[in-house]
Amino acid sequence: MDYELIKASVQQQFNRVAHHYLNDSPMAEAGLLDLIIQAAEPRSEHLSLDIACGAGLLACRFAPLVSKATGVDLSRSMLAEAEKEAQRQGLANTAFDQADSESLPFLDNTFHIVTCKLALHYFPNPHRAIHEMKRVARPGGRIILVDRVAAEDSQARDLHNRIEKLRTPSKVKVYAPSEIQSLLEGEGLAVRGIRHYEQYQDVDQWLETTGAPPVNQKLASDLIVQSIEGDAAGLKLFRQNGRLMMTHSTAVFIAERSSP
């Protein structure tokens, strides 16, 4: 696996479609952002870090609740949107920097709260990314890892990932919840809880968002339709007002770096 090639592909993708990840996006859904805030339990003296911060929506949610909210992302276009969002809200305690999740430009033991929302599936080396989350977190600090998850059944998970890769070739893997828990625990983090959240989206809208080639969208759409019987991809598909809808299953992992 060429890690740098994957990172470059992710960077290009999000530079191209940054406008899809603003306030009208599922990424901005208040219910999910509120769930993350509740899980993190921020305090006014805390320093928070959001990895793969995108348009800065989560970092801006943290800012009024902490001493300083920092966000990092590979995409300059996303960071520009994050700066605009912080300015729009009149926030004076945010900072947004370009950085690689696998090589964070921060000292050890810096942040009380480290979050990463809906990005793990893009990381070519998830072990290294989680190691970095742990490194920059203070002892006793919370790491809130949030991602869309696939089914525990391997066949359903494989089909789900095949569909995802057709839509977004830069995605590495959508994991099952047990796989993410193993990644966290493998880095010596204690998983204190897992919360679940579901979002619903029009399938055609979802396929169009990343600007994938029409042939890829058609192949993915055909696989999705074929998976309806028996929920073969674990997408919990249903129809609403004549439109085919899908369910994004999201898991919020509450992990903690142990104190020395």
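Here the structure is a predicted model, which is why all the values come from computation and not from measurement.

Trainee: An account of the side chain of aspartate 100 is needed here, citing residue identities and associated values.
Mentor: Here aspartate 100 shows up in the loop between β3 (94-98) and β4 (111-117). For aspartate 100, the side chain forms a polar contact with the main-chain nitrogen of glutamate 102, separated by 2.9 Å.

Trainee: How would you summarise the environment of leucine 166 if you had to cite specific residues and measurements?
Mentor: Tracing the chain through its elements places leucine 166 in helix α6 (residues 154-167). Judged by its relative accessible area of 17%, leucine 166 falls in the buried class. Distance from leucine 166 to leucine 207, taken between C-alpha atoms, is 9.3 Å for residues 41 residues apart in sequence. Not counting residues up to four positions away in its chain, the partners in contact with leucine 166 are Ala212, Asn216, Leu219, Ala220 and Leu223.

Trainee: Tell me about the nonpolar core, residues and numbers included.
Mentor: Ranked by internal contacts, the top residues of the largest apolar core, which has 28 residues, are Leu49, Ile51, Val114, Met133 and Leu145. Counting residues per element, the ones that place at least two in this core are β1 (47-51), β4, α5 (126-136), β5 (137-148), α7 (177-186) and β8 (243-256). The element that contributes the greatest number of residues to this core is α5, accounting for four residues. When sequence neighbours within four positions are dropped, the list of residues in contact with leucine 49 reads Thr70, Val72, Leu104, Phe106, Phe111, Ile113, Val114, Thr115 and Val136. The next biggest cluster of nonpolar side chains, apart from the first, holds 27 residues, and it includes Ile36, Ala63, Val66 and Tyr197.

Trainee: How would you summarise the state of the cysteines if you had to cite specific residues and measurements?
Mentor: Scanning all chains against the criterion turns up zero disulfides. In this structure cysteine 53 is a free cysteine whose sulfur lies 8.8 Å from that of cysteine 60, the closest cysteine sulfur available. When its relative accessible area of 7% is taken as the criterion, cysteine 53 is described as buried.

Trainee: I'd like to hear about the side chain of arginine 167, residue by residue, with values.
Mentor: Here arginine 167 shows up in helix α6. An unpaired buried charge is present at arginine 167: no salt bridge exists, and glutamate 164, the closest side chain of opposite charge, is 4.5 Å distant.

Trainee: Please provide a residue-by-residue account of the environment of serine 75, values included.
Mentor: By the secondary structure assignment, serine 75 is in the loop between β2 (68-73) and α4 (76-88). Serine 75 sits in the buried class, given a relative accessible area of 1%. It is 7.6 Å that separates the C-alpha atoms of serine 75 and glycine 54, two residues lying 21 residues apart in sequence.

Trainee: Outline unusual backbone geometry, supporting the account with residue identities and numerical values.
Mentor: The residue alanine 52 is not glycine, and still its phi comes out positive at about 60°. Positionally, alanine 52 belongs in the loop between β1 and α3 (57-62). Of note in the backbone geometry, lysine 236 takes a positive phi value of approximately 50° without being a glycine. Turning to its location among the elements, lysine 236 is positioned in the loop between α9 (214-226) and β7 (238-240).

Scoring rules and cut-offs
- Residues numbered from 1 in each chain as written.
- Predicted model: local features only at pLDDT ≥ 70, side-chain atom pairs only at ≥ 80, totals over all residues.
- Heavy atoms only, no water.
- Helix = DSSP H or I, 4+ residues; strand = E, 2+ residues; numbered from the N terminus.
- Polar contact = N/O pair within 3.5 Å; in protein donor to acceptor, adjacent residues only side chain to side chain.
- Buried < 20%, exposed > 50% of the residue type's maximum accessible area, 1.4 Å probe, protein only.
- Contact = heavy atoms within 4.5 Å.
- Core = buried A, V, L, I, M, F, W, Y, C linked by side-chain atoms within 4.5 Å.
- Disulfide = S-S within 2.5 Å.
- Lys, Arg positive; Asp, Glu negative; His and termini not counted.
- Salt bridge = Lys/Arg side-chain N within 4 Å of Asp/Glu carboxyl O.

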